[in-house]
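These are the residues of each chain, in order.
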Amino acid sequence: MTQPSPPPQAAKRARPIVPFLRLGDDGEKPYLVAKQCAGCGAVYLGRRVACSKCFATGPFKEIRLSDRGTLWVYSIVYQSAPGIPTPYVAAIVDLPEGAAVRCTIIDVEPQPEQLPFGMPVEMVTKKVREDKDGNDVIAFFFRPVKK
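Residues numbered from 1 in each chain as written. Predicted model: local features only at pLDDT ≥ 70, side-chain atom pairs only at ≥ 80, totals over all residues. Heavy atoms only, no water.

### Details of the overall build of the protein chain
(1) Moving on: The secondary structure content of the protein chain amounts to zero helices and ten strands.
(2) Moving on: Ordered by position from the N terminus, the helices and strands of the protein chain form the series β-β-β-β-β-β-β-β-β-β.
(3) Moving on: Its C-alpha atoms give the protein chain a radius of gyration of 19 Å, clearly above 15 Å, the size a compact globule of 147 residues would have.
(4) Moving on: Taken along the three principal axes of its C-alpha coordinates, the protein chain extends 70 × 45 × 30 Å.
(5) Moving on: Out of the 147 residues in the protein chain, the part that is buried amounts to 33%.
(6) Moving on: Contacts spanning at least 24 positions in sequence make up 48% of the contacts within the protein chain whose residues lie at least 6 apart.
(7) Moving on: Total accessible area on the protein chain stands at roughly 9900 Å², and carbon and sulfur atoms take up 53% of it.
(8) Moving on: For the protein chain, the distance from the average position of its 20 positive side-chain charges to the average position of its 15 negative side-chain charges is 5 Å. (Helix = DSSP H or I, 4+ residues; strand = E, 2+ residues; numbered from the N terminus. Rg over C-alpha atoms; globule rule 2.2 N^0.38 Å. Buried < 20%, exposed > 50% of the residue type's maximum accessible area, 1.4 Å probe, protein only. Contact = heavy atoms within 4.5 Å. Areas by Shrake-Rupley, 256 points an atom, 1.4 Å probe, with all protein chains shown as cover. Lys, Arg positive; Asp, Glu negative; His and termini not counted. Charge placed at Lys NZ, Arg CZ, Asp CG, Glu CD.)

### Describing the pairing of strand 3 (residues 31-37)
(1) Moving on: Buried residues dominate strand 3, accounting for six of its seven residues.
(2) Moving on: When strand 3 meets strand 5 (residues 60-64), the two strands line up antiparallel, connected through five bridges. Along strand 5, the bridge assignment pairs cysteine 37 with phenylalanine 60. (Pairing = 2+ DSSP bridges.)

### Thoughts on the pairing of strand 9 (residues 120-130)
Along a regular strand, successive side chains alternate from one face of the sheet to the other.
(1) Moving on: Across three bridges, strand 6 (residues 68-77) lies against strand 9 in antiparallel orientation. By the bridge assignment for strand 9, glycine 69 is matched with valine 121.
(2) Moving on: As paired elements, strand 9 and strand 10 (residues 136-144) share nine bridges and run antiparallel to each other. Counterpart to glutamate 122 in the pairing with strand 10 is arginine 143.

### What to know about the pattern of salt bridges
Pairs can form between side chains of opposite charge once their charged atoms are near each other.
(1) Moving on: Evaluation of the coordinates by the stated rule reveals eleven salt bridges.
(2) Moving on: Aspartate 136 is paired through a salt bridge with lysine 127; the nearest N and O atoms lie 3.2 Å apart.
(3) Moving on: The partner of aspartate 133 in a salt bridge is lysine 132, and the shortest N-O contact between them spans 3.9 Å. Across this residue pair, the class does not change: aspartate 133 and lysine 132 are exposed. (Salt bridge = Lys/Arg side-chain N within 4 Å of Asp/Glu carboxyl O.)

### Looking at a nonpolar patch on the surface
(1) Moving on: On the surface, Trp72, Val73 and Phe117 cluster together into a nonpolar patch covering about 350 Å² of accessible area.
(2) Moving on: Phenylalanine 117 gets classed as exposed once you look at its relative accessible area, which sits at 56%. (Patch = residues over 30% accessible without salt bridge, like charges linked within 9 Å, V, L, I, M, F, W, Y side chains within 5 Å.)

### Here we look at the state of the cysteines
(1) Moving on: A full pass over the atoms with the stated rule returns zero disulfides.
(2) Moving on: Unpaired in this structure, cysteine 40 has its nearest cysteine sulfur neighbour in cysteine 51, at a distance of 3.5 Å. (Disulfide = S-S within 2.5 Å.)

### Some remarks on the environment of threonine 57
(1) Moving on: By secondary structure assignment, the location of threonine 57 is in the loop between strand 4 (43-44) and strand 5.
(2) Moving on: Accessibility expressed as a relative area gives 66% for threonine 57, which makes it exposed.
(3) Moving on: C-alpha separation for the pair threonine 57 and valine 18, spaced 39 residues apart in sequence, amounts to 23 Å.
(4) Moving on: Residue contacts for threonine 57: discarding those within four places in its chain leaves Val49 and Ala50.

Structure (structure tokens):
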């Protein structure tokens, strides 16, 4: 008597943790995207129903954002949910296109003297976990630009 074959497994793939992160195709570097108002040029992360600057209801076009920006403001987090290592640096990074990105700053000591406002930073991505189907979940972070 033969044993039934196990069901075929779907190919493991990577998926972004947020909808405005693109993982890139054919070796292309991952990048962030935003919506830009056709009326006034304001830039927003995520979906928009209307522009909060000019109140237009569209259209909005998707634009690619720079992978470099500047540290605008940050907070060093010492207490977090169970399983999240502390301390870490929660920050807002300004990008040249006018978008402000909430993120975590990595590869730097979480000390105020190591985090000057206006510090140049660059985006990096890494796997943060696997989803229930075994796919890699990819998140974005920013780190100081290496000199």
